[in-house]
Amino acid sequence: MNRSLSWMTSLCLAIVVAGCGPLDLLSARKFQDGVSQTTPFRDGVTQTTPLVMGEVRLASGEPAANVSVTAYVSQYHVAAVGNGAKQVEVRTDALGRFQLVDPPLGMNTIEAEAAEDFKAIRMNVPVSVGARVNLDPMTLQPTGAITGRVTAEGAPSLLGTTVFIPGTHYVAIAAANGGYTLKNVPVGTYEVAAMRQTFATTLVDGVTVSPQQTVSAPDLELRLDAPVLESLSQTNGGAGAELLLRGRNFGASKNTVLSVSFGSTQASRFERVSDTEIRVWVPAGAMSGPLVVRSNGVASNALDFQVIAVLSVSPFYAGLYHGDLQKFEVEARDAFGAPVEEPYVRWELGNAFAGRLLGAGTFEGEGEGWSEVWAKSGSVTGLAAVAVTRYEISRIDWPFLQQDLVPNWSWESPDGALYLTDQGSHRIYRQAPGGSLSILAGSTAAGFSPDGTLASEARLMSPSGVVADDAGNVFFSEAGSHRIRVIPRHDGTLFGRSVSAGRIQTLAGTGVGGLDGDGPNAHELALYNPRGLRRANDGSLVFVDAGNRRIRILSQDGTLSTLVGGGARAFSGPAMDPLAFGETILGSFAEDPHGNLIFSSSVERSNARLYFYCRRAGTYYGQAMREGFMYALTAPPAPVYYRDGLAAEALISGTPKELELTPEGEILIIDFGARVLRRMDAHGRLTTLAGAMMPFGGLAAPLVSPPSPATAKRMDIRLAHAMRDGSLLLLENDAAWRLTRVRP
């Protein structure tokens, strides 16, 4: 009888059930094949080790001594070609008895061989962990042979076709005409199978071998074994994209050699789920074209598949108000430039703080901040960005601003007046609460005016920080002359120095850049390029002595002290003695109501990091801090713009140009490398408030004109100030200097 195999279960696959318990039969029972099983007994073998026992006899009934007995598990094609599968071999004793210790688990074949033409065989002997198997006596007889022919339609030659008896190691290789002979086969009735690449395995059964006889088996008819592709889970995808192929005859049950190709590129990663499903990942380098499955080299029908090479998302950037919806579209093309219709992509959001994705590319700005928006297909990525804000921008005309100005510092006095220093014109401006603008000190030419000069007539050299007290005294740092100076409102004494109303007076610094250490009489101690200026709660002045890499404080009695810097070490966290710190301290810093300092510093000026000097113990920006130590607020620097998030993960790109503290204690940061204004809240989370920044650091051209969302336009922000009314005042350089007010 001739039939084809879909799964060689009854053949010689010998399914190994590792981990099965022993066949715990309480009494011996006889199987149809002459095998019996008994309960374990004292045989000197570990009870978990299986044992097969029996005896071999001659045809006369006498015991056959010194005969080879072998136990092995064969697979339908592997063991048939001698794959080195485990086997156990012993010899019979003088009484013909044998004991096979630890034979392979599964369906065993037991062969006794006195000579290659004098054998006995017992097939399908089940062996499990701890089993004790007793076989009926095996009788040696002369062997026979099986001859036959393999046929295959369309095959000009059948040379190399494998013919074998399943479950045994009896194998023959067919000649070109398909003829074969299986020699020295023990007496018995067998199935005979044929296997050839690209053809389905076929077999005939009921072939009986008699002693010293050659039996002719029915023809073994081979038929092509082609897989069939019916559908794909998706008709396009980028390299690395996962898809599911559905069809039939994928060869899982036959253990065929499988391959999947995309055009001329073969997939290196796939998983044959079943005879009807294959999971495959699009290989790198694949091109659009036919997708084909091959089983044992036989090709399936082809289905078209487009390999995505490029994904483009539009709009590339969107600045939104809180609550806005934005639909992002994706365009896909393959390596030939052909458009891919309805590309299969997954949408991902970089920052959940900004909002959420409602569906395929639809973003809702339910949060605040900046985030990437990705369309992905495997490793192919299309990128856009979105920034959500609660602020709207409007422009303020300020006629005094000129293109050659270099504004450096702003400060709002208690009465609402706004002060601005400008290094380009070497002036200090004051904008009254009503809006009128006046020059407080300086002229368009740089120079130095000695103490006692009227401010309105004085020349300044690169004024930097500016601050005023409740009495109307205006203090400023003059970087070019290495001094801290004051424009007094009234005659009197300030910081240990006699002052006259309206006339400039030096409070610290000698006019020569250098370092004379700390001590009293600050006007006799050298400074080096002082920048920035803040007024502490006790009336002291805090500034950055930039050339000396220090933050210093000038007490009202005229004593100069160092708060941060003066050491020789880079930051080593999580906490550090501020006086051991030796990095370059940039001119931007802020002071909170507790006297804690927030400042920026860097080893290289292009990459800065924010630090916090704790002068009063507590939890700040998500970190528990001890008094007298400094801590890092942001991650180590990197030359890229990173999505918003917790400061421990987010990055500042480039140099923080300005730091400002809002009345709520949040830090405003001009991220100068990214040209955006960012905020760090009390939990240490960074959020973009204004300015448009493209993904991966690309700069955007202006997108809209005010009024608009504060994140909808690129702004070259130089100064930022948190006003008492909750708005933000930004100074930007957009072909000309402009003041922009940002309101919730």
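Please read all numbers here as calculations on a predicted model, not as lab measurements. (Residues numbered from 1 in each chain as written. Predicted model: local features only at pLDDT ≥ 70, side-chain atom pairs only at ≥ 80, totals over all residues. Heavy atoms only, no water.)

Let us look at the pattern of salt bridges. This model, assessed by the stated rule, comprises 23 salt bridges. The residue Arg534 makes a salt bridge to Glu660 at a minimum N-O spacing of 3.6 Å. Here Glu660 lies in strand E62 (residues 656-661) and Arg534 lies in strand E51 (residues 530-535), a separation of 126 residues in the sequence. In this pair, the class of Arg534 matches that of Glu660, namely buried. (Salt bridge = Lys/Arg side-chain N within 4 Å of Asp/Glu carboxyl O. Helix = DSSP H or I, 4+ residues; strand = E, 2+ residues; numbered from the N terminus. Buried < 20%, exposed > 50% of the residue type's maximum accessible area, 1.4 Å probe, protein only.)

All right, on to the nonpolar core then. Counting residues in each nonpolar core, the largest one holds 22 residues, and the members touching the most others are Ile146, Val150, Val163, Tyr180, Leu182, Val192 and Leu220. Those elements that provide at least two residues to this core are strand E13 (144-152), strand E16 (179-185), strand E17 (188-195), strand E19 (202-209) and strand E21 (220-224). Setting aside residues up to four positions removed in sequence, Leu182 forms contacts with Gly144, Ala145, Ile146, Val163, Ile165, Tyr170, Val171, Ala172 and Val192. The next biggest cluster of nonpolar side chains, apart from the first, holds 20 residues, and it includes Ile551, Ile553, Ile585 and Phe599. (Core = buried A, V, L, I, M, F, W, Y, C linked by side-chain atoms within 4.5 Å. Contact = heavy atoms within 4.5 Å.)

Turning to the pairing of strand E4 (residues 51-57), a few remarks are in order. Burial analysis of E4 places 5 of its 7 residues in the buried class, which makes it a mostly covered element. Sheet analysis places E4 next to strand E7 (residues 97-101), joined by 5 bridges and oriented antiparallel. Bridge pairing links Leu51 to Val101 in E7. Note that E4 and strand E11 (residues 138-139) share 2 bridges and pair parallel. (Pairing = 2+ DSSP bridges.)

Time to look at unusual backbone geometry. In the segment running from Ser314 into Pro315, the intervening peptide bond is cis, with an omega of -5°. Structurally, Pro315 can be placed in the loop between strand E31 (303-314) and strand E32 (317-321). Phi is positive for Ser462, which is not a glycine, with a value near 55°. By secondary structure assignment, the location of Ser462 is in the loop between strand E44 (437-442) and strand E45 (463-468). Despite not being glycine, Phe495 has its phi angle at roughly 55°, a positive value. Along the polypeptide, Phe495 turns up in the loop between strand E48 (492-494) and strand E49 (497-499).

In this section: the sheet that holds strand E37 (residues 362-364). Taken in spatial order, the 3 strands make up an open sheet running E33-E37-E36, and their pairing is antiparallel. Each edge of the sheet is formed by a strand with only one pairing partner; in this case those strands are strand E33 (325-327) and strand E36 (356-357). Across 3 bridges, E33 lies against E37 in antiparallel orientation. Looking across to E37, one finds that Lys327 is bridged to Thr362.

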